[in-house]
Amino acid sequence: AICAPARRAAHARARRVRGHLPPKARGRQSLETVCMCSAAAAVLSVATTSAPRLSRRVAVIGGGSAGVVTARFLKRAGHDATIFESGSTVGGVWADNPTNDVVYKGLHTNLPTVVMQSPDLDFASSVPSYITKEMLGQYIEAYGREFGLLQLATFGATVTRVAPAASEGAPRWTVEWTVDDVAHSDVFDAVVVATGHYNKPYMPSLPGEENWLAGDAARRITHSLHYDDPDDFRGQSVLVVGGRSSGVDIARMLYGVAEWVYVLEKKCTSATTHAAEAVTHVPLGTRLCRNGRLAAPRGGGGGGEAE
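Calculation rules
Residues numbered from 1 in each chain as written. Predicted model: local features only at pLDDT ≥ 70, side-chain atom pairs only at ≥ 80, totals over all residues. Heavy atoms only, no water. Core = buried A, V, L, I, M, F, W, Y, C linked by side-chain atoms within 4.5 Å. Buried < 20%, exposed > 50% of the residue type's maximum accessible area, 1.4 Å probe, protein only. Helix = DSSP H or I, 4+ residues; strand = E, 2+ residues; numbered from the N terminus. Contact = heavy atoms within 4.5 Å. Salt bridge = Lys/Arg side-chain N within 4 Å of Asp/Glu carboxyl O. Pairing = 2+ DSSP bridges. Axes fitted to C-alpha atoms, helices over the stretch in contact; angles between N-to-C directions. Patch = residues over 30% accessible without salt bridge, like charges linked within 9 Å, V, L, I, M, F, W, Y side chains within 5 Å. Areas by Shrake-Rupley, 256 points an atom, 1.4 Å probe, with all protein chains shown as cover.

**Considering the nonpolar core**
For soluble globular proteins, nonpolar side chains are generally found buried alongside one another.
Then comes step 1: In terms of nonpolar packing, the biggest core is built from 19 residues, with Val68, Tyr143 and Leu149 touching the most fellow members.
Then comes step 2: Within the residue set of this core, elements represented by two or more residues are β1 (57-61), α3 (65-76), β2 (80-85) and α5 (133-146).
Then comes step 3: Ranked by the residues each element gives to this core, the list is headed by α5, at 4 residues.
Then comes step 4: If sequence neighbours within four positions are ignored, Val68 has contacts with Gly63, Val90, Ile140, Tyr143 and Leu149.
Then comes step 5: Counting residues in hydrophobic clusters, the runner-up holds 18 residues, among them Tyr104, Ile250, Met253 and Val279.

Shown next, in the form of structure tokens:
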């Protein structure tokens, strides 16, 4: 499917250079022809004017999916890449024993494997389309082995500091890290930060939360970072703040386990209850009350609240 249009575009370009495009191409500009011409011009430019490629020392901080893919292509381009990974293997949050255990039990990916996999490394044919954390972690590790990335990694490494290095010419960077409490440092030409964004949870304040917490010592507010098992909330009424992937996932897992599930989400315009599922969707501005109930703003522009 790729080769045939490229071949037609190349033939069309050759005829255009000779001054006679085929009838169907006259009067319009073919996108395929433009792409092929641009690529040909780029190749010609590189072949005639580019300087010799330099190999750089590059520190890649983080051995998750982004880190290993980055290291692979740095290596392929002739650079000297070093992966700094705090865990015992690549995979990041998807590894078997991650240092940042944010993936809860029962999580399945919300993208199919054919979308997630590398073009040149398929998932095993035995795995389903939507996979578990363990399956994804095994794939990232297999990716590291397939492309010779494990030997580039320093495992158990906690990077403590990155700072400009004193050097003449092009800027360089000093990277400091520890392994088993032993400090190390080295200088690199470039640094790639691939640590992800799941280390520090964001906890927005909710209207009325102080009064609500003061009303009963058993009440608590927790972040999904610390959620792992729906059984921890068995028989309770739970408010899930957020209606995106994790919020929907957790609300679904709580169904049939919690006594009632409330979901606060941006798209909700007024409180809507689905009694058969024991779930109520509430809009932004919903307030926690000291008596344990929720006060949702009334819809329709009437003002006020409804519990």
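**Section: the pattern of salt bridges**
Then comes step 1: What the rule picks out here adds up to 11 salt bridges.
Then comes step 2: For the salt bridge of Arg145 with Glu141, the shortest nitrogen-to-oxygen distance reads 4.0 Å. Of the two residues, Arg145 and Glu141 are both situated in helix α5; the distance of 4 residues between them amounts to about one turn of the helix.
Then comes step 3: For Glu141, a relative accessible area of 25% gives the class partly exposed.

**Description of the side chain of Arg72**
Then comes step 1: Mapped onto the elements, Arg72 comes out in helix α3.
Then comes step 2: Residue classification places Arg72 among the buried positions, given a relative accessible area of 8%.
Then comes step 3: Excluding its chain neighbours within four sequence positions, the residues that come into contact with Arg72 are Ser118, Asp120, Tyr143, Phe147 and Leu149.

**Overview of unusual backbone geometry**
Then comes step 1: Residue Asp180 is not a glycine yet carries a positive backbone phi of 55 degrees.
Then comes step 2: By the secondary structure assignment, Asp180 is in the loop between β5 (173-179) and β6 (182-188).
Then comes step 3: The exposed category is assigned to Asp180, whose relative accessible area is 71%.
Then comes step 4: In this structure, Ala278 is a non-glycine residue whose phi angle is positive, near 55 degrees.
Then comes step 5: Among the structural elements, Ala278 can be located in the loop between β10 (272-274) and β11 (279-282).

**Focus: the sheet that holds strand β9 (residues 260-264)**
Then comes step 1: If you trace the 4 strands from one edge of the open sheet to the other, you get β8-β9-β11-β10, paired in mixed fashion. Every interior strand has two partners, whereas the edge strands, β8 (237-241) and β10, have only one. Averaged over all pairs of adjacent strands, the angle between strand axes in this sheet comes to 20 degrees, irrespective of strand direction.

**Topic: the side chain of Thr113**
Then comes step 1: Among the structural elements, Thr113 can be located in helix α4 (residues 113-116).
Then comes step 2: Judged by its relative accessible area of 9%, Thr113 falls in the buried class.
Then comes step 3: Not counting the four nearest positions on each side in its chain, Thr113 is found in contact with Phe123, Val127, Pro128, Ser129 and Ile131.

**Considering helix α7 (residues 245-254)**
Then comes step 1: Of all the residues in α7, the buried ones are Gly247, Asp249, Ile250, Ala251, Met253 and Leu254.
Then comes step 2: On its buried face, α7 is in contact with β8 and β9.

**Brief notes about a nonpolar patch on the surface**
Then comes step 1: Together, Leu111, Val114 and Val115 line one region of the surface with nonpolar side chains, adding up to about 280 Å² of accessible area.
Then comes step 2: Topologically, Val115 is positioned in helix α4.

**As for the sheet that holds β6**
Then comes step 1: Across the sheet, which stays open at both edges, the 3 strands sit in the order β4-β5-β6 with antiparallel pairing between neighbours. On the outer flanks of this sheet lie β4 (157-164) and β6, each paired with one strand and no other. Each strand of the sheet is rotated relative to its neighbour by a mean of 20 degrees, with strand direction disregarded.
Then comes step 2: In the sheet, β5 pairs with β6 via 7 bridges, with the strands oriented antiparallel. In the strand pairing of β6, Thr178 is matched with Ala183.

Function-wise, these values are silent; they only describe arrangement.
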